[in-house]
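Letter by letter, the chains look like this.
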Amino acid sequence: ATPMSIMTATGRGAQAGVLIKNAEALERFETIDTLIVDKTGTLTEGKPRLVAVLPQPGHDEAEVLRLAASLELGSEHPLAEAIVRGADDRGIATEQADEFEAVTGKGVMGMVGGRPVALGNVALLADLGLDAVALGAKADERRDEGETVMFVVLDRKVAGLVAVADPVKETTPAALKALHKLGLRIIMATGDNERTARAVAARLGIDEIRAGVLPEDKARIIRELQEQGRKVAMAGDGVNDAPALAQADVGVAMGTGADVAIESAGITLVRGNLDGIVRARRLARATMGNIR
Ligand code: ADP
Ligand code: MG
C-alpha cells in the first residue's frame, strides 16, 4: 500500500474509534483468518453481578456470602467486585481476611475469623483435595445459563456456591456475525469453566472454545495456531492478555481495558466493542485491495 492510502485508512479508522498503530498492523490485518476473543470484558460487559448464593446443608446464604465477600475484599478481579457488591447490597457485613492469597486463574484463599476459607473454581477445589460433586447438578444448571460458578470452602469443606452473571455486550452478536461474513474463524478463550463457555459460545455462534485457560496459556494457543499456518488476531482487554496480544499477528485491545494491553496491541478499539474490528477489517481490505 502507498503511504498515502495507509494514512487515509488510519485517519478514517481514528475517526471511527479504531486506532491503528502502524502500516504493518493494517497490512497484517488483511491476512488474518482466525480471531481469538477473550470472553470477559471483550464479548461481555466485564461487569459481572451476583445472581445466586446456594448454601450446603448446615450453612445459610448470609454466612456463605459473608465468607466469600470477606475474602474478595483483597482481590481486584471483576468477579471479586461482583461478590463484594452483592454482599453490600444485601446488607451483609464483611471483615478483611488474614493471610490472603490470590491463586491466578483459580480463586482466592485466606483466614476469616480465624478459620480457613477459600473461594474459586473446581481447579482450586482440586488443589485443596476437594470436589464439587455435592453441588454438581446445581452448578451445571447455573453454567448452562452462561453464569460463572465459584465454590466457597470453610474449614476444608465445601460450604456452598456463588454464581455471577456477566451480560454479553449489546454490540457483540452483530459484530460476530459480520466477522463471520468476512471469513474469520472465531475462537473464544476463557479462564471460565467449559460448560459456562459452551453456553455463551452457543448463543453467539462462536466456532470453537478454549475453556479453563490460564493467562499464560493464551499466548501458547496462538503460537500453536500460527505453527499450523493460521494468521491470528487476538482481542482482549486484561493485564493478563498482554502476552497473547503481543504473540498474535495482530493484537486488538479494548480501549476500555488495561494500559498494558493497549501498549501490546497493533489496534485499539476506543469504544471497547467489537464493532471496531469489523471496521478495521474492512479498512484493511479496502486499503490493501487498492494496490493489488
Ligand atoms: P477470565 O479472565 O478469562 O474470566 P481468570 O483466569 O481471571 O479468567 O479466572 C478463571 C477462573 O478462576 C474464574 O472463572 C473463577 O472461577 C476463578 N477465579 C479467578 N479469580 C477469582 C477470584 N478473585 N475470586 C473467585 N474466583 C476466581
Ligand atoms: Mg478479560
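Residues numbered from 1 in each chain as written. Chains lettered and ligands numbered in written order. Predicted model: local features only at pLDDT ≥ 70, side-chain atom pairs only at ≥ 80, totals over all residues.

**Q** Pulling in residues and values, what's your account of the sheet that holds strand β1 (residues 18-20)?
**A** Reading across from one edge, β1-β13-β12-β11-β2-β9-β10 is the order of the seven strands in this open sheet, with mixed pairing throughout. Each edge of the open sheet is held by one strand with a lone partner, namely β1 and β10 (208-210). The sheet shows a mean angle of 20° between the axes of neighbouring strands, direction not considered. Examined bridge by bridge, strand β2 (residues 34-38) and strand β9 (residues 185-189) share five bridges and lie parallel to one another. What sits directly across from Leu35, in β9, is Ile186. (Pairing = 2+ DSSP bridges. Helix = DSSP H or I, 4+ residues; strand = E, 2+ residues; numbered from the N terminus. Axes fitted to C-alpha atoms, helices over the stretch in contact; angles between N-to-C directions.)

**Q** Report on the packing of helix α4 (residues 61-72) against helix α5 (residues 78-89), specifying residues and quantitative values.
**A** Two elements in contact, α4 and α5, have axes whose closest approach is 8 Å; the angle formed by their N-to-C orientations is 130°. When the interaxial angle is binned, α4 and α5 end up oblique. Judged by the twist between their axes, the crossing of α4 over α5 is left-handed. Mapping the contact onto sequence places Leu65, Arg66, Ala68, Ala69 and Glu72 in α4 and Ala80, Ile83, Val84, Gly86 and Ala87 in α5. Partitioning the contact of α4 with α5 into residue classes produces seven nonpolar, one polar and two charged. (Parallel < 35°, antiparallel > 145°, perpendicular 65-115°, else oblique. Left-handed = near helix turned anticlockwise from the far one by under 90°. Contact = placed C-beta atoms within 7 Å. Nonpolar A, V, L, I, M, F, W, Y, C, P; charged D, E, K, R; others polar.)

**Q** Lay out the nonpolar core with the relevant residues and their values.
**A** Among the nonpolar cores identified, the biggest contains 52 residues, and Ala233, Met234, Val252 and Ile267 are the most heavily contacted of them. No other element matches the five residues that helix α13 (residues 275-290) contributes to this core. Ignoring sequence-local partners within four residues, the contact set of Val252 consists of Ala233, Met234, Ala235, Ala265, Ile267, Leu269 and Ile277. Counting 36 residues, the second largest nonpolar core, distinct from the first, contains Ala80, Val117, Leu119 and Val158. (Core = buried A, V, L, I, M, F, W, Y, C linked by C-beta atoms within 7 Å. Buried ≥ 20, exposed ≤ 12 C-beta atoms within 10 Å, placed from the backbone.)

**Q** Break down α5 for me, with residues and values.
**A** For α5, built from twelve residues, the straight-helix expectation of 16 Å at 1.5 Å per residue is met to within 8% by its first-to-last C-alpha distance of 16 Å. For α5, the full list of buried residues reads Leu79, Ala80, Ala82, Ile83, Val84, Gly86 and Ala87. Against the buried residues of α5 lie β3 (49-55), α4, β7 (148-154) and β8 (157-165). Once α5 ends, the next one or two residues include Gly91, with phi positive near 70°. (Expected span 1.5 Å × (residues − 1).)

**Q** An account of unusual backbone geometry is requested, with residue identities and associated values reported.
**A** With a phi angle near 50°, Glu99 is a residue other than glycine that sits in the positive phi range. Along the chain, Glu99 turns up in strand β4 (residues 98-103). Its identity is not glycine, yet Arg156 carries a phi of approximately 65°, on the positive side. According to the C-beta neighbour criterion, Arg156 is exposed, with 12 such atoms within 10 Å.

**Q** Go over the domain arrangement of the protein chain, please, and point to the residues and values.
**A** Considered domain by domain, the protein chain is made up of domain 1 (3-45 + 168-290) and domain 2 (49-165). Of note, the centres of domain 1 and domain 2, computed from C-alpha atoms alone, are 31 Å apart. At the interface, eleven residues of domain 1 touch twelve residues of domain 2. The dominant element in the side of domain 1 that touches domain 2, judged by the number of residues it contributes, is helix α9 (residues 194-204), at five residues. Class assignment for the residues of the side of domain 1 that touches domain 2 results in four nonpolar, four polar and three charged. (Domains from an automatic or database assignment.)

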